[in-house]
Amino acid sequence: MTFSELIVMAFSAILVQNVILNQFLGTCPFLGVSGKRDSAVGMGLAVIFVITLSSLTSWLLYYLILEPVGMQYMSTLVYILVIASLVQIIEMFLKKAVPGLYRSLGIYLPLITTNCAVLGTAKNVVSKGFNFLETFIFSLSTAAGFLFVIYIFSTLRSKVERGDVPKAFKGIPIALITAGIMAMIFAKFGLLNI
Amino acid sequence: MNKLTNFTKGLWRENPILVSMLGLCPTLAITVKVENALGMGLAVLFVLVMSNLFISLIRHIVPDQIRIPVYIVVIATFVSMVEMVMDAYVPDLYSRMALFISLIVVNCIILGRAEAFASKHNWLDSILDAVGMGLGFTIVLILISLIRETLGTGSITIWGDLALNFNKHNSPFFSEFYVSPPAAFILLGLILAASKAINSRKEVRSK
């Protein structure tokens, strides 16, 4: 890919092909932790770390070990172990090296293991046949898209929840409808001619 | 009686999608065709039953501190089996939702049932619980995909060539909007609101 194609790929991963609003990955943390703005940003930052590192590690493992020995069918099992141990390592590293960051991200890190955006991106970079640089750019921009959307959504949600919502729609139902309207807006970014 | 409630609670009272709101990613993503919903529902049902059974059998052997990694490995093993079987026998269906089949590993419903139920109950209760939850999940998936496929494309694809088609005259009643991502969010929001309304009305009546 040329440089300009990489830029286009990055922007479409952030906006048009957004992980949450278009690919439906990571919907659980999207609805779960978007209640407060601070926790949404914390989760988003932790996800950037984990998605980028785990996609790169999975890419290396796939092309250096699984493919040469012909064990591609083990990929799901290997990736989930990579993600689980990576989350654990990042947690221990942050606790020791950057205690301030650990205190703000700490509680979100264990939750990331079961965030399907992480496993989904690791699977995607291999099935799309990216090289190492493309994997890096794609996973970083996917994760940036996650942070971007979860931040905007948390600010919207705090406004929506203060409003007079019918009882049956309180909580998740109205949040899903808000997300649907956001998805419509984000899908329309695709009409821009980049 | 107790055995029966273990089975039936997954269908409505503790339905994984409508009440616990777990496993929303596949619910939103693959419900554009009834066929997809059936395939995904059966795959989840299989993984759920097998992992609940195994986890319940090994629950006394596994040390408490490492139980989550062990559960994930058990689940991932069964998911890999499903992937291989579907790739071999229903390649079209598999290629359409390959990503979401492998994402069953991180589906909160399965890990949630392992942690909340199978690790504390015997194998028979665990299987009943898994079958109830799996069927509850499948039924809601089919309901959503029926609405989306009928309104979106004017057809109902039950399995392979077995399909109904109403959209003979390209009627404007059917709109592609319903199979687009935004519609998935809005429709699921409406369905969750409806189930909440029904449940709260039931509560009022029982008082």
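Here we summarise the structure given alongside this text. (Residues numbered from 1 in each chain as written. Chains lettered and ligands numbered in written order. Predicted model: local features only at pLDDT ≥ 70, side-chain atom pairs only at ≥ 80, totals over all residues.)

### Observations concerning the overall build of chain B
So the rule is basically this: Think of it this way: any DSSP run of H or I at least four residues long counts as a helix, any run of E at least two long counts as a strand, and we number them from the N terminus. The burial label depends on the number of other C-beta atoms within 10 Å of a residue's C-beta. Counts of 20 or more mean buried, 12 or fewer mean exposed, and intermediate counts mean partly exposed, with C-beta atoms placed from the backbone. In this description, any two residues whose backbone-derived C-beta atoms lie within 7 Å of each other are considered to be in contact.
In terms of regular secondary structure, chain B is built from nine helices and two strands. Along the chain direction, N to C, the helices and strands of chain B fall in the order α-α-α-α-α-α-α-α-β-β-α. Expressed as lengths along the three principal axes of its C-alpha atoms, the size of chain B is roughly 60 × 55 × 25 Å. Every one of the 207 residues in chain B was classed for burial, and the buried ones make up 45%. When contacts within chain B are restricted to residue pairs at least 6 apart in sequence, those whose partners lie at least 24 apart make up 75%.

### Some points on the nonpolar core
The criterion, for reference: Structurally, a nonpolar core is described as a collection of buried Ala, Val, Leu, Ile, Met, Phe, Trp, Tyr and Cys residues joined by way of C-beta atoms within 7 Å.
Ranked by size, the top nonpolar core spans 110 residues in total, and within it L119 of chain A together with V47 and I75 of chain B carry the most contacts. With 10 residues, the top contributor of residues to this core is helix α3 (residues 34–57) of chain B. Leave out the neighbours within four places in its chain, and I75 of chain B touches V47, S51, V105, I110 and L111 of chain B.

### Comments concerning unusual backbone geometry
In this structure, F24 of chain A takes a positive phi of about 60° despite not being glycine. When you line up the elements, F24 of chain A lands in the loop between α1 (3–14) and α2 (27–32). Even without being a glycine, M21 of chain B presents a positive backbone phi close to 55°. Position of M21 of chain B among the secondary structure elements: in the loop between α1 (2–8) and α2 (24–30).

### With respect to the pairing of strand β1 (residues 155–159) of chain B
All names here are of chain B. Here is the rule we go by: Strands are labelled as partners when DSSP assigns at least two bridges between them.
Strand direction decides the pairing type here: β1 and strand β2 (residues 162–165), joined by four bridges, are antiparallel. Across the sheet, the residue bridging to I156 is L164, located in β2. Remark: two residues form the turn of the hairpin made by β1 and β2, two consecutive strands paired antiparallel; G160 in that turn has positive phi of roughly 60°.

### Thoughts on α3 of chain B
Stated formally: By definition here, a helix of n residues has an expected span of 1.5 Å times n minus one.
With 24 residues, α3 of chain B ought to run about 34 Å at 1.5 Å a step, and its terminal C-alpha atoms sit 34 Å apart, in line with that. Counted residue by residue, α3 of chain B has 17 buried out of 24 residues, so it is predominantly covered.

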